[in-house]
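Given next are the chains, with one letter for each unit.
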Amino acid sequence: MADALLIMATHKQKFEILDGLRGIAAISVMLMHFLQDLPIPILQSAYLSVDVFFMLSGFILTYSYGEKLRQASWRREYLKRRVIRLYPMICIGLTIGFVSLVVMRVNASAAFSFGNLAAATGQNYFLVPYLGRFSVSGFVGATNRGLQAVDDPGVFPLNPPAWSLFFELFASVVLIAAVKVKERNLLRLAYACLGAFVAYGWLVGLDHDKVTVILNQGWAADNFFGGFFRVGYGFLLGVAIAKMHDAGLPARPHWFAAGLVRNDWMLFAVFLLVVLFPTSIKGIYALAVLLFVAPALVYRGAMLAPSGHAVARISAFLGWISYPLYCVHYPIGRLVFAYAPQGDIHVVRTAMLAACLSIVSAAFLAKFVEEPIRSYLGKRLFGNQPAATGSTVNVA
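What comes next concerns the included structure. (Residues numbered from 1 in each chain as written. Predicted model: local features only at pLDDT ≥ 70, side-chain atom pairs only at ≥ 80, totals over all residues. Heavy atoms only, no water.)

Scanning the chain for helices and strands turns up 13 helices and 3 strands. Scaling as 2.2 N^0.38, a compact globule of 396 residues should have a C-alpha radius of gyration of about 21 Å, and the chain matches this with 20 Å. With the C-alpha coordinates aligned to their principal axes, the bounding extent of the chain is approximately 55 × 50 × 40 Å. Looking at the chain as a whole, 56% of its 396 residues qualify as buried. In the chain, once contacts between residues fewer than 6 apart in sequence are set aside, the share between residues at least 24 apart is 79%. (Helix = DSSP H or I, 4+ residues; strand = E, 2+ residues; numbered from the N terminus. Rg over C-alpha atoms; globule rule 2.2 N^0.38 Å. Buried < 20%, exposed > 50% of the residue type's maximum accessible area, 1.4 Å probe, protein only. Contact = heavy atoms within 4.5 Å.)

Turning next to helix α4 (residues 114-125). A rise of 1.5 Å per residue sets the reference length of α4, with its 12 residues, at 16 Å; its end C-alpha atoms lie 16 Å apart and thus fit the reference within 8%. Of the residues making up α4, those classed as buried are Leu117, Ala120, Thr121 and Asn124. The arc that holds every buried residue of α4, seen down its axis, measures 100°, which confines them to one face. In this fold, the buried residues of α4 make contact with α3 (75-106). (Expected span 1.5 Å × (residues − 1). Arc of directions from axis to C-beta.)

Among the secondary structure elements, Ser45 is positioned in the loop between α1 (16-34) and α2 (48-65). We classify Ser45 as buried; its relative accessible area is 3%. Here the alpha-carbon distance between Ser45 and Leu291, two residues 246 residues apart in the chain, equals 15 Å. Separated by 2.8 Å, the side chain of Ser45 and the backbone oxygen of Phe277 make a polar contact. (Polar contact = N/O pair within 3.5 Å; in protein donor to acceptor, adjacent residues only side chain to side chain.)

The subject of this paragraph is unusual backbone geometry. One non-glycine residue, Ala108, adopts positive backbone phi at about 65°. Tracing the backbone through its elements, the reader meets Ala108 in the loop between α3 and β1 (110-111). Look at Ala108 and you get partly exposed, because its relative accessible area is 42%. For Lys282, which is not a glycine, the phi torsion comes out positive at approximately 55°. As for its placement among the helices and strands, Lys282 is situated in the loop between α10 (264-276) and α11 (284-301).

The next point concerns the pattern of salt bridges. Inspection of the entire model under this criterion finds 6 salt bridges. Between Asp51 and Arg230 there is a salt bridge, with the nearest N and O atoms lying 2.9 Å from each other. Of this pair, Asp51 sits in helix α2 while Arg230 is found in helix α8 (residues 226-247), placing the two residues 179 residues apart along the sequence. Using a relative accessible area of 2% as the deciding quantity, one classes Asp51 as buried. A residue is classified by how much of its surface remains accessible, and Arg230, at 0% relative accessible area, is buried. A cluster of three or more residues bridged by salt bridges with shared partners is formed by Arg85, Glu370 and Arg374. (Salt bridge = Lys/Arg side-chain N within 4 Å of Asp/Glu carboxyl O.)

Moving on, we come to a positive patch on the surface. A cluster of like positive charges, contributed by Lys182, Arg184, Arg188 and Arg252, occupies part of the molecular surface. Counting through the fold element by element, Arg184 comes out in helix α7 (residues 183-207). Residue classification places Arg184 among the exposed positions, given a relative accessible area of 60%. (Patch = residues over 30% accessible without salt bridge, like charges linked within 9 Å, V, L, I, M, F, W, Y side chains within 5 Å. Areas by Shrake-Rupley, 256 points an atom, 1.4 Å probe, with all protein chains shown as cover. Lys, Arg positive; Asp, Glu negative; His and termini not counted. Charge placed at Lys NZ, Arg CZ, Asp CG, Glu CD.)

Counting residues in each nonpolar core, the largest one holds 123 residues, and the members touching the most others are Phe59 and Val328. When residues of this core are assigned to their parent elements, the largest contribution, 12 residues, is made by α2. (Core = buried A, V, L, I, M, F, W, Y, C linked by side-chain atoms within 4.5 Å.)

In structure tokens, the structure reads:
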């Protein structure tokens, strides 16, 4: 999720619709988190946005760096650029997350020792998953100032969404090898990862005494290793789609949704319908989206142009705000729910307040903190060359 209009290093092509798609995906993840305590499931399937992020990441990074990565001498510079692009905003989100955890601990809506906090903080700042256990309430629990409903914050307690950024960095390294592989073999590898992903999800379901396939993997200690299969499928599929797009190859037959999407509005509408679907049907719905719909939207989105100047500008903004919003919304939401009056009663109102503050904060922090830091680091390491072409996309 990076520079607004994604000017590719080699192809000089703009992908405004993919900008808009990842922005909408980031907002859907934010709202899913803030509304998770409602008795009626809303945006329950928005976790699939993370898989779309991984696909977008593979696609955009291949366009940005694919040709240059064939030169062995450039690979170290590429990795430095990825760290500069990703880590400053990760660090900002973790810092806000540390403050939010301390506030929740003071308010008795979290229970952990100083040692727990020190270990999690040290590991998370080095982007190392923390596999211990925290007792942290959900957003409504932060308002109640109690631990009636305990929420597992996952392997990044300071800022739970950061789990996917760990896998984003892992995928960035994988790209060095993936760009050398033909699209047909990439597709085979991606579907092999999907098979392992589904098998692991079935085992996770059994561990939870459920006869279902759990595909929301990678974020918690008990499903962390499934995240490697998850990013393997999405990211490698994105790389393959980029190679297919570059070669002018048609969509795979089972990506039939690509042929049904006629314009940008239809693409955005289909994605919204995907994340609004209220149930996973024991994992069958999520698997169908990953197989048939998500890759079709990325493939088709790369081909579409904005239907108007307004759509182009909005998509550019959504693309620009998506990554910082993804990084900071969760800890900001914790703080809003901790201090909002009657947040446990007026959940939707508090969630909308948290969403607005998250967007404003993300824009401010990106413009006045993250971008100056990246600019400084880029000049120190690369001279006058830009430090961050391409996209982080994940988001998620």
